[in-house]
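# A closer look at the structure
Below are the chains, spelled out letter by letter.
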Amino acid sequence: MLVMDLDDTLCEFVPNVVKRIKQMFDVEIDVNLLSSSWLTDNLTDAQYRDLKSVLHTPVFYSSLRPVFSTSLGFKLNNLRSNHDLEVTYITGREHPLGEAAFTTTANWLAKHWFPSGDIQVCHHNDNKVDLLPPNTRLVIEDSVHVAQAVERQGLPVGLIDYPWNNHYTLRHPKSIRINPRDRRATETLLKYVQRMALKTV
C-alpha cells in the first residue's frame, strides 16, 4: 500500500498561497518563508480573514498545479493496473471544507490522472498516522510532523524536500528525500515506489 499526502506533496499549495497574497494585498514574500506565524505577524486581522475566505475552498484547491511532472499520475496508474499497486490518499483538508474535501480531492486526482484509491481526510496533520491502513508499505509526505510519526511506526517515508523540512534528519534506513526541483524527480519517485510499495517487493 502506497499512502500519499496532497498539499505540497502532489500539488503546489504554498506557492499558490504566496501568489494570492501578492494578488490580494500586494505583499511580497519568499515562498520559503511562508508559515502560519508569518501570516499572523505580517497581515492585518482583516487581511488574514480575507485570505482564509479564499483559501481552503473548492475553487482554490481545484486550481492547484501538480508538484511533479504531469506524467506521474499516469505512470502510477500503470503501476496500479499492471502490478496491483494499492493507493490511499490522506490529506488535511477537512476544516472548513467539510464534505467538499472529498469531492474536491477526488476531482483533482482524476484531472491529473492519478490512480483511484481511498481518500482519508483529517484535520490538518493531527491524526494522519492513525489513518494509515494496516498494510501500508510507504508514505509520501512533506510534513516533518507526519514524517516523524510515520518513522516511529517503523515505516519508510519519501519526504518531499522543502526548506521547511530540511532541518529534519530521516531516521528509517529506507527513507529518502525527493527534491521536486530536480529534473529527475518524477523518475526518482516512481523508482522508489516500485522498490518499496509494490506487493511483489
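Residues numbered from 1 in each chain as written. Predicted model: local features only at pLDDT ≥ 70, side-chain atom pairs only at ≥ 80, totals over all residues. Heavy atoms only, no water.

### Focus on unusual backbone geometry
Convention followed: Throughout this description, buried means an accessible area under 20% of the type-specific maximum (1.4 Å probe, protein chains only), exposed means over 50%, and partly exposed covers the range between.
One non-glycine residue, D8, adopts positive backbone phi at about 65°. Given the relative accessible area of 4%, D8 is considered buried. Although it is not a glycine, H56 sits at a positive phi angle of roughly 55°. H56 sits in the partly exposed class, given a relative accessible area of 28%.

### Points about the pattern of salt bridges
Selection rule: By convention in these notes, a salt bridge is any Lys or Arg side-chain nitrogen within 4 Å of a carboxyl oxygen on Asp or Glu. Working definition: helices are DSSP H or I runs of at least four residues, strands are E runs of at least two. Numbering for both runs from the N terminus.
Counted according to the given criterion, the structure contains seven salt bridges. Ionic pairing is found between D161 and R181, a salt bridge with its closest N-O pair at 3.7 Å. Taken as a pair, D161 in the loop between β5 (157-160) and β6 (176-178) and R181 in the loop between β6 and α9 (185-196) lie far apart in primary sequence, 20 residues in all. Judged by relative accessible area, which is 17%, D161 ranks as buried. By relative accessible area, R181 is classed as exposed at 53%. Across the salt bridge formed by K191 and E187, the nearest N and O atoms sit 2.9 Å from each other. On the criterion of helical spacing, the pair formed by K191 and E187 is a turn pair, its members being four residues apart in helix α9. Overall, the relative accessible area of 39% leaves E187 in the partly exposed class. When salt bridges that share partners are traced, they join D5, K128 and E141 into one network.

### Regarding empty space enclosed by the protein
Applied cut-off: The method works on a 1 Å grid over the protein atoms by themselves. A cavity is a set of points holding a 1.4 Å probe that cannot get out, a pocket is an open set with protein on both sides within 12 Å along at least five of seven lines, and residues with an atom within 4 Å of a point line them. Grid points are joined across faces, edges and corners, and a volume is the space filled by probe spheres set on the points.
Enumeration over the complete set of coordinates arrives at one cavity of 30 Å³ or more. Every residue along the wall of the largest cavity is listed here: V3, M4, D5, I90, K128, V129, L132, V139, E141, V146 and V150. For the lining of the largest cavity, the secondary structure elements donating two or more residues are β1 (2-4), β4 (138-141) and α8 (144-152).

### Things to note about the nonpolar core
Nonpolar side chains tend toward joint burial in soluble globular proteins. The condition is simple: Among the buried residues, those of types Ala, Val, Leu, Ile, Met, Phe, Trp, Tyr and Cys that are joined through side-chain atoms within 4.5 Å form a nonpolar core.
Ranked by size, the top nonpolar core spans 48 residues in total, and within it L2, L10, L34, L76, L85, Y89 and V193 carry the most contacts. With six residues, the single largest contributor to this core is α9. Ranked by size, the runner-up nonpolar core spans 17 residues in total, among them V3, I90, A149 and L155.

### Describing the sheet that holds strand β2 (residues 87-91)
The condition that has to hold: If DSSP finds at least two bridges between two strands, the strands pair. Whenever a helix is involved, its axis is fitted only over the stretch in contact; in every case the axis is a line through C-alpha atoms, and angles between N-to-C directions fall within 0 to 180 degrees. Any two residues whose heavy atoms approach within 4.5 Å are treated as being in contact.
If you trace the six strands from one edge of the open sheet to the other, you get β3-β2-β1-β4-β5-β6, paired in parallel fashion. Of all strands in the sheet, those bounded by a partner on one side alone are β3 (118-121) and β6. Each strand of the sheet is rotated relative to its neighbour by a mean of 20°, with strand direction disregarded. In terms of strand pairing, β2 meets β3 through four bridges, oriented parallel. The residue bridging T88 from the neighbouring strand is D118, located in β3. Sheet strands touched by α8: β4 and β5. Its angle to β5, the strand with the most contacts, is close to 170°.

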